[in-house]
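Inside the fold
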Amino acid sequence: LGSLGLPPGSGEASDQGQRRYESSHPYQNNEDYEVQVRIPGAQKLHITFDPQSVSEEGCDELIFMVDGEQVETRSGSSRWQDVIVEKDHFSYRWHTDGSCTKWGFAF
């Protein structure tokens, strides 16, 4: 899966089976929500980020979880590396504090 939030809830699906999830741009202070993603039949999910993805380092975080266990976190302004999930599902949590906002995320 090449691109996998629309906060909070379902993503936008393409005809290639890809989905796009993203925050608002720019995102708001004090956001906190979790989204469940499931692609039935998938053996592996490849999450690729929009190059514009950026958040306040260490304060505004996109956290990926599989079966309730945290597996990856993305935050800051460096190029966000892809995430590979070896299952057909994951969830992500978007958490921002109250200090400043940036562009946000899209994958």
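1. What to know about the environment of Glu69
- Among the secondary structure elements, Glu69 is positioned in strand S6 (residues 69-74).
- Sequence-wise, Glu69 and Ser91 are 22 residues apart; in three dimensions their C-alpha atoms are separated by 9.6 Å.

2. Some points on the packing of aromatic side chains
- The final tally for this structure, using the stated rule, is 14 aromatic pairs.
- For the ring pair Tyr27 and Trp94, a centre distance of 5.0 Å and an interplane angle of 85° mean the geometry is edge-to-face. Residue Tyr27 is found in the loop between strand S2 (19-20) and strand S3 (32-38), and its partner Trp94 is found in strand S8 (residues 89-95); the two are separated by 67 residues along the sequence. The residues Tyr27 and Trp94 share a single accessibility class, namely buried.
- Of the aromatic side chains, those joined through ring pairs into one cluster are Tyr21, Tyr27, Phe49, Phe64, Trp80, Phe90, Tyr92, Trp94, Phe105 and Phe107.

3. A look at the side chain of Arg74
- Examined against the element boundaries, Arg74 turns out to sit in strand S6.
- By relative accessible area, which is 11% here, Arg74 ends up buried.
- There is a polar contact of 2.9 Å between the side chain of Arg74 and the side chain of Glu72.
- Separated by 3.4 Å, the side chain of Arg74 and the backbone oxygen of Asp82 make a polar contact.
- With near-sequence residues (within four places) excluded, Arg74 lies in contact with Phe49, Asp60, Glu61, Leu62, Phe64, Trp80, Gln81, Asp82 and Val83.

4. What to know about the pattern of salt bridges
- In total, this model carries six salt bridges according to the counting rule given.
- The partner of Asp50 in a salt bridge is Arg20, and the shortest N-O contact between them spans 3.2 Å. On the criterion of sequence distance, the pair formed by Asp50 in the loop between strand S4 (45-47) and strand S5 (61-66) and Arg20 in strand S2 is long-range, its members being 30 residues apart.
- Its salt-bridge partner being Lys87, residue Asp67 comes within 2.8 Å of it at the nearest N-O pair. Of this pair, Asp67 sits in the loop between S5 and S6 while Lys87 sits in the loop between strand S7 (83-85) and S8; the two residues are 20 residues apart in sequence, bridging distant segments of the chain.
- Each of Arg20, Glu22 and Asp50 takes part in one network of salt bridges that share partners.

Rules behind the numbers
Residues numbered from 1 in each chain as written. Predicted model: local features only at pLDDT ≥ 70, side-chain atom pairs only at ≥ 80, totals over all residues. Heavy atoms only, no water. Helix = DSSP H or I, 4+ residues; strand = E, 2+ residues; numbered from the N terminus. Phe/Tyr/Trp six-rings, centres within 6.5 Å; stacked < 30°, edge-to-face > 60°. Buried < 20%, exposed > 50% of the residue type's maximum accessible area, 1.4 Å probe, protein only. Polar contact = N/O pair within 3.5 Å; in protein donor to acceptor, adjacent residues only side chain to side chain. Contact = heavy atoms within 4.5 Å. Salt bridge = Lys/Arg side-chain N within 4 Å of Asp/Glu carboxyl O.

Purely spatial values, then, with no claim about function.
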